[in-house]
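# Notes for the structure review
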Amino acid sequence: MNSPKNIPVLNSLRAFAALSVCLFHYVCTVTGFVTNEMILSVFSFGHYGVQMFFVISGFIIPWSMYQSKYKISNFFTFTAKRLIRLEPPYLISLLFAIVHTYARTLGPHYNGVDITPTSKEILLHFGYLVPFFEGATWIRPVYWTLAIEFQYYLAIGLLFSFISSNKMWLRIVIYILFLSGPVFLRSNFLPFHLPVFLLGIIVYLY
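The structure reproduced in this document is the subject of the present report.

Tracing the backbone through its elements, the reader meets Arg-171 in helix H7 (residues 168-184). Among buried charged residues, Arg-171 stands out as having no salt bridge; its nearest opposite-charge side chain is Glu-149, 21 Å away. Reaching out from Arg-171, the side chain makes a polar contact with the backbone oxygen of Ser-165 at a distance of 2.6 Å. With sequence-adjacent residues up to four places away left out, Arg-171 is seen in contact with Phe-162, Ile-163, Ser-165, Asn-166 and Leu-205.

Our next topic: the nonpolar core. With 42 residues, the main nonpolar core has Ile-61, Tyr-152 and Ile-156 as its most contacted residues. If you list the elements that add at least two residues to this core, you get helix H1 (8-28), helix H3 (49-67), helix H4 (75-103), helix H6 (144-163), H7 and helix H8 (190-205). A per-element tally of this core places H6 first, with nine residues. Residues in contact with Tyr-152, not counting those within four places in the same chain, are Ser-57, Gly-58, Ile-61, Pro-62, Leu-190, Phe-197 and Ile-201.

Across the interface, H6 lies against H7 with an axial gap of 9 Å and an inter-helix angle of 140°. Accordingly, the angle class assigned to the pair H6 and H7 is oblique. Across from Leu-159, Phe-162 and Ile-163 in H6, the residues of H7 making contact are Leu-170, Arg-171, Ile-174 and Phe-178. A class-by-class count of the residues in the contact of H6 with H7 yields six nonpolar, no polar and one charged.

Looking now at the packing of aromatic side chains. Counted by the stated rule, this structure contains 17 aromatic pairs. Between Tyr-70 and Phe-78, the ring centres sit 5.5 Å apart and the planes meet at 70°, which makes this aromatic pair edge-to-face. The exposure classification of Tyr-70 matches that of Phe-78, with both residues buried. Ring centres of Trp-138 and Tyr-143 lie 6.4 Å apart, and the angle between their planes is 75°; this geometry places the pair in the edge-to-face category. For Trp-138, a relative accessible area of 15% gives the class buried. Taken together, the ring pairs connect Phe-59, Trp-63, Tyr-66, Tyr-70, Phe-78, Phe-160 and Tyr-204 into an aromatic cluster.

With that settled, the discussion passes to the packing of H6 against H8. Geometrically, a packed helix pair is captured by the angle between its two axes and the distance between the axes. Closest axis-to-axis distance for the H6/H8 pair is 10 Å, and the angle between their directions is 55°. What the angle tells us is that H6 and H8 run oblique. H8 is crossed by H6, and the crossing has right-handed handedness. Facing H6, whose interface residues are Trp-144, Ile-148, Glu-149, Gln-151, Tyr-152, Ala-155, Ile-156, Phe-160 and Ile-163, H8 presents Leu-190, His-193, Phe-197, Ile-201, Tyr-204 and Leu-205. When its residues are assigned to classes, the contact of H6 with H8 shows twelve nonpolar, two polar and one charged.

Positive phi values are uncommon outside glycine, yet Lys-69 reaches one of about 55°. Locating Lys-69 in the fold gives a position in the loop between H3 and H4. Given the relative accessible area of 65%, Lys-69 is considered exposed. A positive phi angle, near 55°, is found at Tyr-128, a position not held by glycine. On the secondary structure map, Tyr-128 appears in the loop between helix H5 (119-124) and H6.

As a further point, take the environment of Val-21. Turning to its location among the elements, Val-21 is positioned in helix H1. Residue classification places Val-21 among the buried positions, given a relative accessible area of 16%. Here Val-21 is in contact with Gly-46, Gly-49 and Val-50, once residues within four sequence places are set aside.

Conventions and cut-offs
- Residues numbered from 1 in each chain as written.
- Predicted model: local features only at pLDDT ≥ 70, side-chain atom pairs only at ≥ 80, totals over all residues.
- Heavy atoms only, no water.
- Helix = DSSP H or I, 4+ residues; strand = E, 2+ residues; numbered from the N terminus.
- Buried < 20%, exposed > 50% of the residue type's maximum accessible area, 1.4 Å probe, protein only.
- Lys, Arg positive; Asp, Glu negative; His and termini not counted.
- Salt bridge = Lys/Arg side-chain N within 4 Å of Asp/Glu carboxyl O.
- Polar contact = N/O pair within 3.5 Å; in protein donor to acceptor, adjacent residues only side chain to side chain.
- Contact = heavy atoms within 4.5 Å.
- Core = buried A, V, L, I, M, F, W, Y, C linked by side-chain atoms within 4.5 Å.
- Axes fitted to C-alpha atoms, helices over the stretch in contact; angles between N-to-C directions.
- Parallel < 35°, antiparallel > 145°, perpendicular 65-115°, else oblique.
- Nonpolar A, V, L, I, M, F, W, Y, C, P; charged D, E, K, R; others polar.
- Phe/Tyr/Trp six-rings, centres within 6.5 Å; stacked < 30°, edge-to-face > 60°.
- Left-handed = near helix turned anticlockwise from the far one by under 90°.

Here's what the structure looks like:
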C-alpha cells in the first residue's frame with residue numbers, strides 16, 4: 001500500500017509537464033529549427049506544462065503540510081526546507097547560465113549584442129527579486145516560474161490554516177481572493193497565477 005505522502009501518478013504528471021515544456025522550447029522558440037505551421041501550432045500547447053506544474057504544487061504542498069500537521073509556528077522551518085529543495089539546482093543552473101552567456105561572446109559567430117548580466121542583475125536572482133526592480137531581466141527567462149513557486153511557498157505557509165479551515169465562509173473568502181488575483185497584478189507576480197494554484201488546492205481539500 002502506498003504511503004499517503006507518495007502519490008505515484010504525480011511523478012507521471014511532472015514528467016509529462018516537463019517534457020511538454022522542453023518540446024515547446026525546442027520546437028517553437030529556436031528560430032528556423034522547425035518551420036511547419038501545423039507542427040508549431042501543435043507543440044505551442046507545450047507551454048501549458050508550466051501551469052500543470054502550478055496545479056501540482058497547488059495540491060502537493062498543502063497536502064504534505066497537512067500530513068506533517070503544519071502550524072504557523074513552523075513557517076520558517078517549512079520555508080527553509082522548500083529553499084533547500086529548490087535552491088541547489090537553481091544556483092547550479094544559474095552558474096552555468098552566467099558562464100555560457102559570457103562564453104558566447106568569445107565565439108567566432110558572436111553577433112556583438114551584449115547580453116552579459118550586470119552584477120546587480122546577478123544579485124537580484126538570489127531571492128528571486130528580479131520582478132521587483134524595473135528594468136532588471138532574468139538571465140534565463142524560464143526562471144520566472146521558480147520565482148512564482150517561491151512566492152507560492154511563502155503564501156501557502158501563511159494562509160494554510162485559512163485554506164484548511166472547517167469554516168466554509170472562510171474558505172470562500174480565500175477562493176474569492178485567489179480568483180481575483182489576476183485583476184490586480186501582472187503575470188510577474190503570484191496573484192496573477194493564483195487561480196491555477198487554486199485548482200490544485202481544491203483537489204487537496206477534496
